[in-house]
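Single-letter residue listing:
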Amino acid sequence: MAFRKNIIGRFCLLILLTALSVFFAACSNILWGINREAPKNLRVSSITADSAVLSWDEVNKASQYEIMWKTDNDGNYWKSDIVNAESGINSFTIDNLIYEREYKVQIAAMFEKGNNQYVMSNYATTSFKTLKDIPPSGELARPGNVKASYNQDKSAINISWDGVEAAAYYDVNLKSDELYFHAPRLNVLNTVAAPKTEYIYSDYLPEGRIVIKVAARNSDFSDSCRWSYEVEVK
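Residues numbered from 1 in each chain as written. Predicted model: local features only at pLDDT ≥ 70, side-chain atom pairs only at ≥ 80, totals over all residues. Heavy atoms only, no water.

Trainee: Help me understand the side chain of aspartate 223, please; the structure alone is not making it clear to me.
Mentor: By secondary structure assignment, the location of aspartate 223 is in the loop between strand S14 (210-217) and strand S15 (231-233). On the basis of relative accessibility, which here comes to 10%, the residue aspartate 223 falls in the buried class. Of the polar contacts made by the side chain of aspartate 223, one reaches the backbone nitrogen of asparagine 218; its length is 2.7 Å. Engagement of the side chain of aspartate 223 in a polar contact is seen with the backbone nitrogen of cysteine 225, the distance being 2.9 Å. Apart from residues no more than four positions distant in its own chain, aspartate 223 is found in contact with Glu139, Leu140, Ala216, Arg217 and Asn218. (Helix = DSSP H or I, 4+ residues; strand = E, 2+ residues; numbered from the N terminus. Buried < 20%, exposed > 50% of the residue type's maximum accessible area, 1.4 Å probe, protein only. Polar contact = N/O pair within 3.5 Å; in protein donor to acceptor, adjacent residues only side chain to side chain. Contact = heavy atoms within 4.5 Å.)

Below is the structure:
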């Protein structure tokens, strides 16, 4: 009998502690004015081949907004940025997007608790598709079908792309993730003469993700250097 009473007592104590936890969490949210609802009326406008403008209704007492975006091909890798809500800004321009690609977007409000700690709202989500890439008058098209892969022993990266009409050269850029103090680990720009549409990079190769993009250039490099979509090796 005593054992049964002990079990019942512990069970009641657990229920009491759970109720108190919920109560104090609710009180804390009320005290801080924390809104767990997602930002409302998330919308996308001014869509181009490589950019789009996001906007949403201002969230009361939010300190910052976290914005995340990705394509289906990105898997679980989201690009992200933070907007300071206290400045009254409730819009954000996403650029360096891939043309004719479906994007998923999500945004949450962040409420400051002090000591660089934040409470997040739920995420508002939406999607959009970038437009077809049409070169402006006098400009070259972006190289398509860009591919990059390591060779067998990972001592070099093989890069290829489709040729662009009227291109005299191609710029190839390789950039890795950053080291401490925001110093680039790798940021290389090399030029290949057309009609060649491949390049092998075999110099210093850091560990981690390396992002690669290609641009078609005219004979005097007076074009605006319109980069292809980015591909990565890791």
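Trainee: Just checking my understanding: could you explain the sheet that holds strand S1 (residues 43-45) for this structure?
Mentor: Where strands meet in a sheet, backbone hydrogen bonds hold them as pairs that are either parallel or antiparallel. Ordered in space as S1-S2-S5, the 3 strands form an open sheet in which the pairing is antiparallel. Every other strand in the sheet has two partners, leaving S1 and strand S5 (91-94) as the edge strands with one partner each. Adjacent strand axes in the sheet meet at a mean angle of 25 degrees, parallel and antiparallel pairs treated alike. Judged from the 4 bridges that link them, strand S2 (residues 52-55) and S5 form a sheet pairing that is antiparallel. Across the sheet, residue valine 53 finds its bridge partner in S5, namely threonine 93. (Pairing = 2+ DSSP bridges. Axes fitted to C-alpha atoms, helices over the stretch in contact; angles between N-to-C directions.)

Trainee: Explain the pattern of salt bridges to me, please; I cannot follow it from the model alone.
Mentor: Any two side chains of opposite charge can pair, on the condition that their charged atoms come close. Under the criterion given, the structure shown has 11 salt bridges. Between arginine 43 and aspartate 57 there is a salt bridge, with the nearest N and O atoms lying 3.6 Å from each other. Taken together, the positions of arginine 43 in strand S1 and aspartate 57 in the loop between S2 and strand S3 (64-71) put the pair 14 residues apart, joining distant regions of the chain. Two residues, glutamate 230 and lysine 79, come together in a salt bridge whose shortest N-O distance is 3.5 Å. You can see glutamate 230 sitting in the loop between S14 and S15 and its partner lysine 79 sitting in strand S4 (residues 79-84), a full 151 residues away along the chain. A single salt-bridge network, built from bridges that share partners, covers Asp50, Asp133, Arg142 and Arg226. (Salt bridge = Lys/Arg side-chain N within 4 Å of Asp/Glu carboxyl O.)

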